[in-house]
Amino acid sequence: MAKQTAPDSNSQGGEAMRQYSPAQELINNTAYIVMILLGSVILIAGYGGSAGGWISAIAYLAYGIAGSVWIMVFVCPYCRYFKTRSCPCGYGHISPLFRAKGTVECFNEKFKKHIPVIIPLWFIPIVAGVVPLIRNFTLPLLVLLIIFAINAFVILPLVSTKHGCKECPQKDTCPWMKYTIKQAG
Ligand code: SF4
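Each value, and the rule that gives it
Residues numbered from 1 in each chain as written. Predicted model: local features only at pLDDT ≥ 70, side-chain atom pairs only at ≥ 80, totals over all residues. Helix = DSSP H or I, 4+ residues; strand = E, 2+ residues; numbered from the N terminus. Contact = placed C-beta atoms within 7 Å. Near = placed C-beta within 6 Å. Nonpolar A, V, L, I, M, F, W, Y, C, P; charged D, E, K, R; others polar. Axes fitted to C-alpha atoms, helices over the stretch in contact; angles between N-to-C directions. Parallel < 35°, antiparallel > 145°, perpendicular 65-115°, else oblique. Left-handed = near helix turned anticlockwise from the far one by under 90°.

1. Considering the environment of Cys-76
Tracing the backbone through its elements, the reader meets Cys-76 in the loop between helix H2 (51-74) and helix H3 (91-94). On a C-alpha basis, the gap between Cys-76 and Val-104 in space is 9.6 Å, while along the polypeptide they are 28 residues apart. Filtering out sequence-adjacent residues up to four positions away, Cys-76 remains in contact with Ile-71, Phe-82, Tyr-91, Gly-92 and Ser-95.

2. Here's the deal with the site of the ligand
All residues in the neighbourhood of the ligand are listed as Val-75, Cys-76, Cys-79, Tyr-81, Phe-82, Cys-87, Cys-89, Tyr-91 and Gly-92. Each residue belonging to the shell around the ligand can be placed in one class, and the counts come to 8 nonpolar, 1 polar and no charged.

3. Considerations on the packing of H2 against helix H5 (residues 120-135)
It is the contact of H2 with H5, at a shortest axis distance of 11 Å, that shows an interaxial angle of 165°. In terms of orientation, H2 lies roughly antiparallel with respect to H5. Taken as a pair, H2 and H5 cross one another with a handedness that is left-handed. Where H2 approaches H5, its residues Ser-56, Tyr-60, Tyr-63, Gly-64 and Gly-67 are matched on the opposing element by Leu-121, Ile-124 and Ala-128. Among the residues forming the contact of H2 with H5, the class breakdown is 5 nonpolar, 3 polar and no charged.

4. As for unusual backbone geometry
Even without being a glycine, Lys-83 presents a positive backbone phi close to 60°. Inspection of the secondary structure assignment puts Lys-83 in the loop between H2 and H3.

Right, here's the structure in full:
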């Protein structure tokens, strides 16, 4: 994918910021989408394909979608990427459909307050998969759990911190960058 830069209202201090095409935004969302889909499959497999498993999977899927909307409603309005094509995952130009622009200085506070809402998405499939695995070991479920963990805890943070967030003007104050990148070394 070609990198596009164009000066517009999204420039910071006269410096043009990167613009993302819809295809690039989709690529940047892939690890999150894969996490939600894999998590749903783990819930179905963990419950042995029962109705309870399917209901849990649908609820988890709905939670994954609602989590994205939550971020667009409660975090993105305070981001410098709000209403621009410079948000790596595209939330920044969907967010204005829900909310008006907020104060950029509140970004850090809003991020810390609302990110915990989506954190359980990373752990629900692990718990829902490990418990039945202990009770009744199956290789496919183990493989699913390993792939889920690699995607959710390695690939997804790496894509965020080494790619999109690396170019963010808020990276010095962003809690995600502060805690994730420094821990990653
Ligand atoms: S960079 Fe993050 S906070 Fe900013 S608009 Fe995009 S998703 Fe929202």
